[in-house]
Structures are given as structure tokens and as C-alpha cells.
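A look at the structure
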Amino acid sequence: AQSVAQPEDQVNVAEGNPLTVKCTYSVSGNPYLFWYVQYPNRGLQFLLKYITGDNLVKGSYGFEAEFNKSQTSFHLKKPSALVSDSALYFCAVRFLDNAGNMLTFGGGTRLMVKP
Amino acid sequence: SAVISQKPSRDICQRGTSLTIQCQVDSQVTMMFWYRQQPGQSLTLIATANQGSEATYESGFVIDKFPISRPNLTFSTLTVSNMSPEDSSIYLCSVERDGEQFFGPGTRLTVL
């Protein structure tokens, strides 16, 4: 069965420092990988995705993520954090052979960026 | 992209009653999904709704509790039946388009 894990419930970063939000997945096929962000009292917003090609994917708001097949990871990164990046981040996975096209979400990681 | 609206945005309901949540998409889509996000937790898929067929429910969710309608390619409803406080959650509608999945703003349900 497919699964995705976000090992950290919360990540604390000082503004201007680089940030990493971790995501690992378990797969029996080739995955589509996604990152979403949820700001307080707002819906999920798509950040970026990996389907194929370059392992480093660039997305919205300066975020990027690196697909590492050997480590089955898809960590979200940003070189310089902003206070406004504080939100709940979800990693999600879907598999190419999944006829249902459903997304499986990780448990979420709360990012706190302090001034 | 896809623009998705949901009604109501929030509601407070009494135990034992039912609430129907509406989801409207700005253009036709084949598959619509309903998710639940319990307070402080991740998203869990309730069911997948295709137009013209019965919804497919995930483990732990049944049609009697969460009946779904999909009358056309831009609209769906999810009913939360015979509610209890454990049903207090955010319910999100979602669609897939061009390999991306888009989400509605959610319906925040509180059951007293």
C-alpha cells in the first residue's frame, strides 16, 4: 500500500534562514509527488509537484523540492524563510498505476518562522 | 487551474441532524473527491465521485453515513447524516485536472 510520512510535526526556523520540511514515501510503483500549503482558515494551495525529469522541482513562493529515489524522499526547501511562510505543509503522493487517482497525504508539518 | 466553491463555508449543527455540503467547479471534470480534515490532522479521503455512477468509498466510510450525489460534471454534494460530535471536521471537495489536484475552501462543521 502507498503511504507518505512527514516525520516532524513542527519545524521552527528564524526568518532569513534556510528551511527544510521532510517527506518520505513508500511505493510499489512510480510516484507523483506533491506539496501543498494550508494557511489558517484557508483551503489547500498547490506548491509544486514531481512527475518525471529533473529531481529538483521549483514551485510557488520560492519553494523547491528534491526527489531522491534511493532514499524515497521528497523534502521541501527554501533558501531564505519568511515569516509569511508560517503555515501547515502537506506532502502527498499518487501512483501512476493508481486507477483511482487519489492522493495520499502525510500527517502535515507546521512551519513556524520567527522574526 | 480549477476554481472550486463550497457551500456552506461553515455550520454548527445539532447531534442527530444531517447537513448537505455543495461543491461547484468552474468547468467540467470527470472525477471529484471528498476529503475530511479533522482538527489539527491530515486529510483523509472519504470517497471518489464520478458522474453517472455510484461513489466509491474508502475504508471506514459508508454510503449510509456519507451519501454523495454527482448529477453533472461540475457539481457534487456530500451529506453528513445523523451527525455526532465526532463528525466535527473540515470537509473539502477536490478535483483533478492536468495531473494536479485542486481543493475547495472547505466547509467547517461543528456538531454540538
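Look a little higher up for the structure.
Below or above, wherever it landed, is the structure these notes cover.

What counts and what doesn't
Throughout, residues of each chain are indexed from 1 in the direction in which the sequence is written. Written order determines the labels here, with chains lettered from A and ligands numbered from 1. Whole-chain, interface and lining totals are the exception, using all residues; otherwise, since this is a predicted model, local features are given only for residues with pLDDT of at least 70 and side-chain atom pairs are given and counted only at 80 or more. Side-chain calculation: all heavy atoms of the structure are included, whereas hydrogens and water are not. Helix and strand definitions follow DSSP, with helices as H or I runs of at least four residues and strands as E runs of at least two, each counted in order from the N terminus. The quantity called the radius of gyration is restricted to C-alpha atoms. Its globule counterpart is 2.2 Å times the number of residues to the power 0.38. Here a residue-residue contact requires only that any non-hydrogen atoms of the pair lie within 4.5 Å. We define buried area as the total accessible area lost by two parts upon association, computed with a 1.4 Å probe and summed across both. Any Lys or Arg side-chain nitrogen found within 4 Å of a carboxyl oxygen on Asp or Glu counts as a salt bridge. Pairing of N or O atoms within 3.5 Å defines a polar contact, subject to two protein rules: one partner must be a possible hydrogen donor and the other a possible acceptor, and residues neighboring in sequence count only if both atoms are side-chain atoms. Three classes are used, and their members are as follows: Ala, Val, Leu, Ile, Met, Phe, Trp, Tyr, Cys and Pro are nonpolar, Asp, Glu, Lys and Arg are charged, and the others, Gly among them, are polar. Pairing of aromatic side chains requires ring centres within 6.5 Å, counting the rings of Phe and Tyr and the six-membered ring of Trp. Pairs whose planes differ by under 30 degrees are stacked, by over 60 edge-to-face, and all others tilted. Any residue with an atom within 4 Å of a point lines the site, the site being either a cavity, points on a 1 Å grid over the protein atoms alone where a 1.4 Å probe fits but cannot get out, or a pocket, an open set with protein on both sides within 12 Å along at least 5 of 7 lines. Grid points are joined across faces, edges and corners, and a volume is the space filled by probe spheres set on the points. Working definition: a disulfide is two cysteine sulfur atoms within 2.5 Å of each other. Only protein chains enter the accessibility calculation, which uses a 1.4 Å probe; a residue is then buried when its area is under 20% of its type maximum, exposed when over 50%, and partly exposed in between. In short, DSSP must find at least two bridges between two strands for them to pair.

Helix and strand counts for chain B come out as 0 helices and 11 strands. When the helices and strands of chain B are read in sequence order from the N terminus, they spell out β-β-β-β-β-β-β-β-β-β-β. Its C-alpha radius of gyration of 13 Å places chain B within 12% of the 13 Å reference for a compact globule of 112 residues. Of the contacts formed within chain B by residues at least 6 apart in sequence, a portion of 54% connects residues at least 24 apart.

Now for the interface of chain B and chain A. Chain B puts 18 residues into the contact, and the matching count from chain A is 18 residues. Between chain B and chain A the total buried area reaches about 1500 Å² when both faces are included, carbon and sulfur atoms providing 51% of it. On the surface where chain B and chain A come into contact, there are 1 salt bridge. With a shortest N-O distance of 3.2 Å, glutamate 96 of chain B and arginine 94 of chain A are connected by a salt bridge. Counting across the interface, chain B meets chain A through 5 residue pairs in polar contact (both at pLDDT 80 or more). Every element with two or more residues in the side of chain B that touches chain A is listed here: strand 4 (31-37), strand 5 (43-50) and strand 10 (100-103) of chain B. The element best represented in the side of chain B that touches chain A is strand 4 of chain B, accounting for 4 residues. For the side of chain B that touches chain A, the class distribution of residues is 7 nonpolar, 6 polar and 5 charged.

Bringing the packing of aromatic side chains into the picture now. Within the structure shown, the criterion is met by 16 aromatic pairs over all chains. The structure contains a cluster of three or more aromatic residues connected by ring pairs, namely Tyr32, Phe34, Tyr36, Phe46, Phe90 and Phe105 of chain A together with Tyr35 and Phe103 of chain B.

What follows concerns the layout of surface pockets. Volume-wise, the largest pocket comes out at about 460 Å³. Along its surface, the largest pocket is lined by 24 residues, and Gln38 and Asn41 of chain A together with Gln37, Ile90 and Arg108 of chain B are the ones closest to its centre. Residue classes in the lining of the largest pocket are distributed as 8 nonpolar, 12 polar and 4 charged.

Summed over the entire model, instances satisfying the criterion amount to 2 disulfides over all chains. Between cysteine 23 of chain A and cysteine 91 of chain A runs a disulfide, and the two sulfur atoms are separated by 1.9 Å. Handedness here is read from the sign of the S-S torsion; for cysteine 23 of chain A and cysteine 91 of chain A, about -60°, the answer is left-handed. Taken together, the residues span a long stretch of sequence, with cysteine 23 of chain A in the loop between strand 3 (19-21) and strand 4 (24-26) and cysteine 91 of chain A in strand 10 (residues 87-95) at a distance of 68 residues. In this structure cysteine 23 of chain A comes out as buried when scored by relative accessible area, which is 0%. The disulfide partner of cysteine 23 of chain B is cysteine 93 of chain B, and the S-S distance across this bridge is 1.9 Å. Here the disulfide of cysteine 23 of chain B and cysteine 93 of chain B is left-handed, its torsion about the S-S bond being about -70°. In this pair, cysteine 23 of chain B is assigned in strand 3 (residues 19-25) and cysteine 93 of chain B in strand 9 (residues 89-97), connecting sequence segments 70 residues apart. On the accessibility criterion, cysteine 93 of chain B (0% relative accessible area) is buried.

Residues and elements named next belong to chain B. Burial of the side chains of strand 11 (residues 107-111) is restricted to one face: Thr107, Leu109 and Val111 are buried, whereas none of Arg108 and Thr110 on the reverse face is. Looking at chain direction, strand 2 (residues 10-13) and strand 11 are connected through 4 bridges and run parallel. Note on strand 11: the bridge partner recorded for arginine 10 is arginine 108. With 3 bridges joining them, strand 9 and strand 11 adopt antiparallel strand pairing. Within strand 11, the residue paired with serine 89 across the bridge is leucine 109.

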